Amino acid sequence: KGLGTLTLTASDGPHVLELLATLGEGGYGTVYCARSSLHGDVAVKCIGHGGDMHDIADIEHEVAIHKRLCGADDSPFVRLLHHECESVRSILVLELVCGVELDDVVARSPSHTLSEEEARPLFAQLADALAHCHELGVAHLDVQPRNALVGADSKLTLIDYGSADFLDEGGRVE
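Below or above, wherever it landed, is the structure these notes cover. (Residues numbered from 1 in each chain as written. Predicted model: local features only at pLDDT ≥ 70, side-chain atom pairs only at ≥ 80, totals over all residues. Heavy atoms only, no water.)

### Some details on the overall build of the protein chain
Counting its regular elements, the protein chain contains three helices and 11 strands. Counted from the first residue to the last, the protein chain has its helices and strands arranged as β-β-β-β-α-β-β-β-α-α-β-β-β-β. Against the 2.2 N^0.38 benchmark of 16 Å for 174 residues, the protein chain shows a C-alpha radius of gyration of 17 Å, consistent with a compact globule. Dimensions along the principal axes, computed over C-alpha positions, put the protein chain at roughly 50 × 45 × 30 Å. Sorting the 174 residues of the protein chain into buried and exposed places 37% on the buried side. Long-range contacts, defined here as pairs at least 24 residues apart, represent 50% of the contacts in the protein chain between residues at least 6 apart. Accessible surface, the protein chain: about 9600 Å² in total, of which carbon and sulfur atoms supply 51%. (Helix = DSSP H or I, 4+ residues; strand = E, 2+ residues; numbered from the N terminus. Rg over C-alpha atoms; globule rule 2.2 N^0.38 Å. Buried < 20%, exposed > 50% of the residue type's maximum accessible area, 1.4 Å probe, protein only. Contact = heavy atoms within 4.5 Å. Areas by Shrake-Rupley, 256 points an atom, 1.4 Å probe, with all protein chains shown as cover.)

### Considerations on the pairing of strand E1 (residues 4-10)
With seven bridges connecting them, E1 and strand E2 (residues 13-25) associate as antiparallel partners. Bridge pairing in E2 links glycine 4 to leucine 19. A loop of two residues connects E1 with E2, the two strands running antiparallel in sequence. (Pairing = 2+ DSSP bridges.)

### Structural notes on the packing of aromatic side chains
Aromatic ring pairs are described here by two measures, namely the spacing of the ring centres and the angle between the planes. If you walk through the whole model with that rule in mind, you get one aromatic pair. Taking the centre distance of 6.4 Å and the plane angle of 70° together, the rings of phenylalanine 77 and tyrosine 161 count as edge-to-face. One end of the pair, phenylalanine 77, is in the loop between helix H1 (53-69) and strand E5 (80-85); the other, tyrosine 161, is in the loop between strand E10 (156-158) and strand E11 (165-166), and 84 residues separate them in sequence. Here the two residues phenylalanine 77 and tyrosine 161 agree in accessibility, since each one is buried. (Phe/Tyr/Trp six-rings, centres within 6.5 Å; stacked < 30°, edge-to-face > 60°.)

### Regarding the sheet that holds strand E3 (residues 30-36)
Taken in spatial order, the six strands of this open sheet run E1-E2-E3-E4-E6-E5, and their pairing is antiparallel. The open sheet is flanked by E1 and E5, the only strands paired with a single partner. Taking the axes of each pair of neighbouring strands and ignoring which way they run, one obtains an average angle of 30° across the sheet. (Axes fitted to C-alpha atoms, helices over the stretch in contact; angles between N-to-C directions.)

### Side note on helix H3 (residues 116-135)
With 20 residues, H3 extends 27 Å from end C-alpha to end C-alpha; this agrees with the ideal 28 Å at 1.5 Å per step. For H3, the complete set of buried residues consists of Ala119, Leu122, Leu126, Ala129, Leu130 and Cys133. Each buried residue of H3 sits inside an arc of 95° when the element is viewed along its axis, so together they form one side. In H3, those exposed residues whose orientation departs by more than 90 degrees from the buried face are Glu116, Glu117, Arg120, Asp128 and Glu135. Residues of H3 that are buried sit in contact with H1, helix H2 (102-108), strand E8 (138-139), strand E9 (148-150) and E10. Positioned one or two residues after H3, glycine 137 has a phi angle of 80°, which is positive. (Expected span 1.5 Å × (residues − 1). Arc of directions from axis to C-beta.)

### A look at the layout of surface pockets
Looking at the largest pocket, its volume works out to about 790 Å³. In this structure, the largest pocket is lined by 33 residues; those nearest its centre are Gly24, Val31, Glu101, Ile159 and Asp160. When contributions to the lining of the largest pocket are tallied by element, the ones reaching two or more residues are E2, E3, strand E4 (40-48), H1, strand E6 (89-95), strand E7 (100-101) and H2. Among the elements that make up the lining of the largest pocket, the one with the highest residue count is E2 (three residues). Here the lining of the largest pocket is composed, by residue class, of 13 nonpolar, 10 polar and 10 charged. (1 Å grid on protein atoms, 1.4 Å probe; cavity = no way out; pocket = protein on both sides within 12 Å on 5 of 7 lines; lining within 4 Å. Points joined across faces, edges and corners; volume = space filled by probe spheres on them. Nonpolar A, V, L, I, M, F, W, Y, C, P; charged D, E, K, R; others polar.)

### With respect to H1
Between the first and last C-alpha of H1 there are 24 Å, a value that for 17 residues agrees with the 24 Å anticipated at 1.5 Å per step. Taken as a whole, H1 has its buried residues at Ile56, Ile59, Glu62, Val63, Ile65, His66 and Leu69. Buried residues along H1 sit in contact with E4, E5, E6, H3, E8 and E11.

### Here we look at the nonpolar core
Counting residues in each nonpolar core, the largest one holds 27 residues, and the members touching the most others are Ile65, Leu69, Phe77, Leu92, Val138, Leu158 and Tyr161. Of all the secondary-structure elements, those providing two or more residues to this core are E4, H1, E6, H3, E9 and E10. In terms of residues, this core owes the most to one element, H3, which gives five residues. (Core = buried A, V, L, I, M, F, W, Y, C linked by side-chain atoms within 4.5 Å.)

Next up, the structure:
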């Protein structure tokens, strides 16, 4: 049985989210696996802010980062599908990326390390994702193994833009 439902307002009517499982919790909020009436299976990031204007500004900044990075379906970034800011919380509906955190990939290997042959394609994808971020004028600022998901097809997706920031014309964080 699910964890409950959320109903959001979408341009084409109600957007019902059935929360299925908790994917992770952090200092800023909780991420759930959910079934969306509009998008199928998704990740839902619920962020409590209690109306604090600084927190709301941070969330709006994260949404702006997502919008800057959203592109083609083969993008190395998780896509923002919908967002809504309520009086005491914000909800971000994100593409659900089925994968394993990079640190778990390493931990699951028999030697708890990756050979150069195993690591090279993953780190090449990570470097490409970061270069693409920078080309789009964004610095991720929280690159760590738990923010890189590796799918069954070995495709790496960079997640969690809560710490990200825009780059100025000189390539420096604004």
